[in-house]
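# Working through the structure, step by step
If you want the building blocks of each chain, they are given just below.
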Amino acid sequence: MNVAIRGSGVAALCSAHLLSRAGIRVSLEETQRPKLPVVMLGGPGDAVAAARIAAAAEGAILNLAGKTSLREAAAILRGAGLALGVDTGLTHIAIAMRTPTLALFGSTRPYLDACSPSARILYEALPCSPCRRHPTCDGRFDCMRAHTAVSVWQTAVPLLRA
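The residue numbers shown here count from 1 along each chain, following its written sequence. Per-residue local features are limited, in this predicted model, to residues with pLDDT of at least 70; the limit for side-chain atom pairs, both in listing and counting, is 80 or more; totals at the level of whole chains, interfaces and linings are taken over all residues. With hydrogens and water set aside, each side-chain value is computed from the structure's full complement of heavy atoms.

### Notes on the nonpolar core
Here is the rule we go by: Joining through side-chain atoms within 4.5 Å is the link that ties buried Ala, Val, Leu, Ile, Met, Phe, Trp, Tyr and Cys residues into a set, and such a set is a nonpolar core. Accessible area is worked out with a 1.4 Å probe on protein chains only. A residue is then buried under 20% of its type maximum, exposed over 50%, and partly exposed in between. Secondary structure counts use DSSP, requiring at least four H or I residues in a row for a helix and at least two E residues in a row for a strand, with both numbered from the N terminus.
Membership of the largest hydrophobic core is limited to twelve residues, which are L82, L84, V86, L102, L104, L122, F141, C143, M144, V152, A156 and L159. Only strand 5 (80-85), strand 6 (101-105), helix 6 (142-145) and helix 7 (149-161) provide two or more residues apiece to this core. It is helix 7 that contributes the most residues to this core, three residues altogether. Residues L64, L77, A83 and L90 belong to the second largest nonpolar core, which totals nine residues.

Next comes the structure, spelled out in structure tokens:
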């Protein structure tokens with residue numbers, strides 16, 4: 001699931017199943033401070049986790065996971081004011097399109113520099129990371145749980161202003 005914040009105010013979430021599995025929670029208190037509409041994107045494999053996240057958000061997230069083509073998802077990301085995601089194709093597409101993007105890495109770490117002034121990487125270099133999605137932490141994905149709502153928000157806000 002990816003989160004896209006469109007133009008002057010939409011957030012795009014990428015890769016719901018990975019965010020959910022890693023224990024990442026969407027903090028409505030944080031995302032709603034500037035009253036940003038949030039759109040969740042992802043493929044059919046993200047649909048169940050995305051539905052769970054959207055239900056918990058009580059209507060604050062437009063869930064499009066599994067409901068768009070790749071081309072449609074890319075168009076949403078192109079117009080987003082911010083994309084937030086993990087190591088997925090949609091996150092990399094957002095970075096390539098120069099959409100302000102915050103990538104959360106942990107069990108994978110394809111790079112630490114996105115080569116884009118509009119992208120930031122959050123990565124906690126734990127002794128077991130990157131495990132390439134074969135965790136030695138009994139599936140807790142401690143590396144992803146290390147990304148707090150506060151650290152994500154503090155990194156995302158300057159991107160929104162960029």
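### Some words on the side chain of S118
Note the following rule: For the purposes of these results, a polar contact is taken to be a pair of N or O atoms within 3.5 Å, where, inside protein, one atom must be able to donate a hydrogen and its partner to accept one; residues adjacent in sequence count only when each atom of the pair is a side-chain atom. Contacts between residues were defined by any pair of non-hydrogen atoms, one from each residue, lying within 4.5 Å.
Within the element layout of this structure, S118 appears in the loop between strand 6 and strand 7 (119-123). Within the structure, the side chain of S118 is placed 3.3 Å from the backbone oxygen of R98, a separation counted as a polar contact. Side chain to side chain, S118 and S116 meet in a polar contact 3.0 Å long. Among residues more than four places away in sequence, those in contact with S118 are R98, T99, P100, T101 and L159.

### Regarding empty space enclosed by the protein
Any empty space left between atoms is shown by rolling a water-sized probe over those atoms. The following threshold applies: Here a cavity denotes grid points, spaced 1 Å and computed from the protein atoms alone, that fit a 1.4 Å probe unable to get out, and a pocket denotes an open set having protein on both sides within 12 Å along at least 5 of 7 lines; residues with an atom within 4 Å of a point are the lining. Grid points are joined across faces, edges and corners, and a volume is the space filled by probe spheres set on the points. Polar here means any residue other than Ala, Val, Leu, Ile, Met, Phe, Trp, Tyr, Cys and Pro, which are nonpolar, and Asp, Glu, Lys and Arg, which are charged; Gly is therefore polar.
If you walk through the whole model with that rule in mind, you get two cavities of 30 Å³ or more. By volume, the second largest cavity is sized at about 40 Å³. C128, S129, C131, P135, T136, C137, D142 and C143 are the residues that line the second largest cavity. Classifying every residue of the lining of the second largest cavity gives five nonpolar, two polar and one charged.

### Points about helix 4 (residues 70-79)
We count it as follows: By definition, the arc is the one covered by directions from the helix axis to the C-beta atoms.
Those residues of helix 4 not exposed but buried are A73, A74, I76 and L77. Projection of helix 4 onto a plane perpendicular to its axis shows the buried side chains occupying an angular sector of 160 degrees, all on one side. What points out from helix 4, more than 90 degrees from its buried face, is the exposed set R71 and R78.

### Focus on the packing of helix 4 against helix 5 (residues 89-96)
The axes of two packed helices give the description: the angle between them and the distance between them. Quick note on the threshold: Only the contacting stretch of a helix is used when fitting its axis, a line to C-alpha atoms as for every element, and angles between N-to-C directions run 0 to 180 degrees. Each angle gets one of four labels, with under 35 degrees taken as roughly parallel, over 145 as roughly antiparallel, 65 to 115 as roughly perpendicular, and the rest as oblique. A clockwise turn of the near helix away from the far one marks a right-handed crossing, whereas an anticlockwise turn of less than a right angle marks a left-handed crossing.
Between helix 4 and helix 5, the shortest axis-to-axis distance is 9 Å and the interhelical angle comes to 45 degrees. With respect to each other, helix 4 and helix 5 are oriented oblique. Classified by chirality, the crossing of helix 5 by helix 4 is right-handed. Contacts between helix 4 and helix 5 involve L70, A73, A74 and L77 from the former and L90, I93 and A94 from the latter. Broken down by class, the residue content of the contact of helix 4 with helix 5 amounts to seven nonpolar, no polar and no charged.

### Remarks on the confidence of the model for the chain
Low pLDDT marks regions whose predicted coordinates should not be analysed in detail. Spelled out, the test is: On a scale of 0 to 100, pLDDT captures the predictor's confidence in every residue.
Mean pLDDT over the chain works out to 76, with 76% of the residues at or above the 70 mark. Taken as a whole, residues 5-9 scores under 50 in pLDDT and shows 20 contacts with residues more than four places along the chain or in a different chain. Counted against residues more than four places away or in other chains, residues 15-33, with its pLDDT under 50, gives 52 contacts.

### What about unusual backbone geometry?
Although it is not a glycine, R98 adopts a positive phi angle of roughly 65 degrees. Position of R98 among the secondary structure elements: in the loop between helix 5 and strand 6.

### As for the environment of T68
Secondary-structure assignment places T68 in the loop between strand 4 (61-63) and helix 4. By relative accessible area, T68 is classed as partly exposed at 22%. In the structure, T68 is positioned 27 residues away from L41 in sequence and 7.9 Å away in space, judged by C-alpha atoms.

### Re the pairing of strand 3 (residues 38-41)
Threshold: Paired strands, as defined in this entry, are two strands with at least two bridges between them according to DSSP. Here the term right-handed applies to a crossover when the path leading from its first strand over the helix to its second strand runs clockwise, the strands being oriented away from the viewer.
On strand 3, burial covers both faces: V38 and M40 on one face and V39 and L41 on the other are all buried. Across three bridges, strand 3 lies against strand 4 in parallel orientation. Along strand 4, the bridge assignment pairs M40 with N63. You can see the chain leave strand 3, run along helix 3 (residues 47-56) and come back into strand 4, and the turn it takes is right-handed.

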